[in-house]
Amino acid sequence: MGGIDMSLDPRRTVAELKVLRELTGDENGAQRVAWTPVWLKAREWFAGKLKGLPVEQHYDTAGNNWVTLRGESERSLLIGGHLDSVPNGGWLDGALNVVAGLEVLRRFAAQYDGRPPVTVKLVDWADEEGARFGRSLLGSSAFAGTHSLDADRGRTDREGVRLEDAVRSCGYEFDRFPEAGEGRKNAAAYIELHIEQGPVLERLGLPLGVVLGTKGVERHLITFRGQEAHSGSTPMNARRDALAAAAKLALEIRPIARKHPDAVCTMGSVKTFPGIVTAVVGRCEATLDQRDLDATVLAEMYGEAQRASRRFAEEEGCTVEWSRIWNIEPVPFHSDLIELCDEAVRETAGRSHRMPSGPLHDAAEVSRAGIPAVMMFVQSLGGISHNKIEDTLEEHLEMSVAALDRLAAKTMEWILKG
């Protein structure tokens, strides 16, 4: 592939990210929550960066922002990201993808005099985070045709504002979201850069990594039912303590996950009833989140946790019920693009590491639509994200832009050969 084209300026990407941080953040962190004035302000800033480039820009019916550099072929390379953030979020989560993609777009425009061999499209997906209404990947799911309009239209934020009304306030109609699927036409490949949001690359001493896919998720509410009783007068051997059963399960999910290299199990919420200091817990509601890239492993962990819960319920004289909150299948990325991403990382950083993503990303929705996709991670300091202290070394950010550019060039060649 040779060296990096001199028109690529990764330092410009870092400088622009800092400007965006000042424009759309405060002392508590980034405030680019989707469907809010600050998010619209970020998009307006981004639109200003397109002046002078030989590109077309439009918003689709789901609010996704498309920037198109027309090529000799209508077959398209998509580069994706999202400008929205969680409240009090970090300066890089999402924004890095879009601003780095813009730099790659500039480089293609300069190298090919505004007409690359294939069409290149940079997309800023709407509401990736789902921070305000609890529905992540909203824009990319509309694009992919995996949207759930009937289930989502009634969602409300903390102030009672409906998602459908918030979308309308920004100029979009919820019922027209499915029309965003028109963007899939001629899409040949999709690539995305993202901060890792975890500690793996830092622990390995590596700046960049290749993402094999996004883990599948099984998320359940588990309810243990025992018997409320007075904490002072009920002997220990006569108790039917629902919390005791839940506590045993909370410990058991750890060895269940540790049987598999990349699996995770998390009991993130436990509620007790009546929830007072003088009463044995009669009902305990716990949430369980299980994730793995292998569907078979995910199913095994789910079954194992169910069996364990029944065993612990019996030991404590309780009953147990499971109800599914949400689930999504594992989404492996395209094998050819994984190899190309690995090459780009090695050429840029010298070493590579392949890893699954625990968090969900827009790339998963694109892949579910049948479009070959891959992601690249850049190291996160301390593994911290969704927090104002989220950070990455500037030299690693610059490397990630260079590696994304290499991946884009390699993917373009792959599209042409296909």
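In the block above lies the structure referred to throughout.
Note that this is a predicted model, so its numbers are computed, not measured.

A.B. asks: Go over helix α9 (residues 295-315), please, and point to the residues and values.
C.D. replies: Spanning 21 residues, α9 covers 30 Å between terminal C-alpha atoms, matching the ideal 30 Å at 1.5 Å per step. Among the residues of α9, Val-297, Leu-298, Met-301, Tyr-302, Gly-303, Glu-304, Ala-305, Gln-306, Ala-308, Ser-309, Phe-312 and Ala-313 are the ones counted as buried. If you follow the buried residues of α9, they end up packed against β9 (216-225), α8 (242-258), β11 (264-273), β13 (283-292) and β14 (319-328). Of the residues that open α9, the one with a side-chain oxygen 2.7 Å from the backbone nitrogen of Thr-296 is Asp-294. Directly after α9, the chain includes Gly-317, whose backbone phi takes a positive value near 70°.

A.B. asks: So what's going on with the pattern of salt bridges? Residues and values would help.
C.D. replies: In the structure shown here, the tally under the stated rule is 38 salt bridges. For Glu-179, the salt bridge is made with Arg-176, and the minimal N-O distance between the two is 2.8 Å. Looking at Arg-176, the relative accessible area reads 44%, which means it is partly exposed. For Lys-410, the salt bridge identified is with Glu-343, shortest N-O distance 3.2 Å. Taken together, the positions of Lys-410 in helix α12 (residues 394-417) and Glu-343 in helix α10 (residues 335-349) put the pair 67 residues apart, joining distant regions of the chain. Owing to a relative accessible area of 5%, Lys-410 belongs among the buried residues under this scheme. One network of salt bridges, with partners in common, ties together Arg-153, Arg-162, Glu-164, Asp-165, Arg-168, Glu-173 and Asp-175.

A.B. asks: Give a detailed account of the sheet that holds β13, specifying residues and quantitative values.
C.D. replies: Reading across from one edge, β11-β13-β9-β14 is the order of the four strands in this open sheet, with antiparallel pairing throughout. If you trace the sheet from one side to the other, it starts and ends with β11 and β14, each paired once. Pairwise comparison of adjacent strand axes, ignoring direction, gives a mean angle of 15° for this sheet. Relative to β13, β9 runs antiparallel, the two sharing ten bridges.

A.B. asks: Please provide a residue-by-residue account of the layout of surface pockets, values included.
C.D. replies: Estimates place the volume of the largest pocket at around 690 Å³. In terms of lining residues, the largest pocket is bounded by 29 residues, among which Gly-134, Ser-136, Arg-219, Trp-326 and Leu-360 are the most central. For the lining of the largest pocket, the elements supplying multiple residues, two or more each, are α5 (149-152), β13, β14 and α11 (362-368). Estimated volume of the second largest pocket: approximately 340 Å³. If you go around the second largest pocket, you meet 19 residues; those closest to its centre are His-58, Arg-70, Lys-121, Glu-182 and Gly-183. The set of elements that each furnish at least two residues to the lining of the second largest pocket consists of β3 (56-59), β4 (65-69), β5 (73-81) and β6 (118-124). When residues of the lining of the second largest pocket are assigned to their parent elements, the largest contribution, four residues, is made by β3. The residue inventory of the lining of the second largest pocket, partitioned by class, reads three nonpolar, eight polar and eight charged.

A.B. asks: I'd love a proper account of the packing of aromatic side chains, names of residues and values included.
C.D. replies: Throughout the structure, instances matching the rule amount to nine aromatic pairs. Geometrically, the ring pair formed by Trp-35 and Trp-39 is edge-to-face, given 4.9 Å between the ring centres and 65° between the ring planes. One exposure class covers both Trp-35 and Trp-39, and it is buried. Ring centres of Phe-174 and Phe-177 lie 4.9 Å apart, and the angle between their planes is 50°; this geometry places the pair in the tilted category. In this structure an aromatic cluster arises from ring pairing among Trp-66, Trp-125, Phe-143 and Tyr-190.

A.B. asks: Break down the state of the cysteines for me, citing the residues and quoting the values.
C.D. replies: Counted according to the given criterion, the structure contains zero disulfides. Not part of a disulfide, Cys-265 finds its nearest cysteine sulfur in Cys-284, a span of 17 Å. Accessibility expressed as a relative area gives 0% for Cys-284, which makes it buried.

A.B. asks: An account of α8 is requested, with residue identities and associated values reported.
C.D. replies: Taking 1.5 Å of rise per residue, 17 residues should cover 24 Å, and α8 covers 26 Å from first to last C-alpha, within 8% of that figure. Looking at α8, one finds that the buried residues are Ala-242, Ala-245, Ala-246, Leu-249, Ile-253, Ile-256 and Ala-257. Residues of α8 that are buried sit in contact with β9, β11, β13 and α9. Its side-chain oxygen 2.9 Å from the backbone nitrogen of Leu-243, Asp-241 forms the N-cap of α8.

A.B. asks: Tell me about unusual backbone geometry, and name the residues and values.
C.D. replies: Phe-273 connects to Pro-274 through a cis peptide bond whose omega is 10°. Note that Pro-274 resides in the loop between β11 and β12 (279-280). Phi at Asp-113 is positive, roughly 55°, even though this residue is not glycine. In the Ramachandran plot, Leu-137 falls in the positive-phi region, its phi being about 60° despite a non-glycine side chain. With respect to the helices, strands and loops of the structure, Leu-137 is situated in the loop between β6 and α4 (138-144). Taking relative accessible area as the criterion, Leu-137 reaches 3% and is therefore assigned buried.

Rules of the game
Residues numbered from 1 in each chain as written. Predicted model: local features only at pLDDT ≥ 70, side-chain atom pairs only at ≥ 80, totals over all residues. Heavy atoms only, no water. Helix = DSSP H or I, 4+ residues; strand = E, 2+ residues; numbered from the N terminus. Expected span 1.5 Å × (residues − 1). Buried < 20%, exposed > 50% of the residue type's maximum accessible area, 1.4 Å probe, protein only. Contact = heavy atoms within 4.5 Å. Polar contact = N/O pair within 3.5 Å; in protein donor to acceptor, adjacent residues only side chain to side chain. Salt bridge = Lys/Arg side-chain N within 4 Å of Asp/Glu carboxyl O. Pairing = 2+ DSSP bridges. Axes fitted to C-alpha atoms, helices over the stretch in contact; angles between N-to-C directions. 1 Å grid on protein atoms, 1.4 Å probe; cavity = no way out; pocket = protein on both sides within 12 Å on 5 of 7 lines; lining within 4 Å. Points joined across faces, edges and corners; volume = space filled by probe spheres on them. Nonpolar A, V, L, I, M, F, W, Y, C, P; charged D, E, K, R; others polar. Phe/Tyr/Trp six-rings, centres within 6.5 Å; stacked < 30°, edge-to-face > 60°. Disulfide = S-S within 2.5 Å.

Honestly, it's all geometry; don't read function into it.
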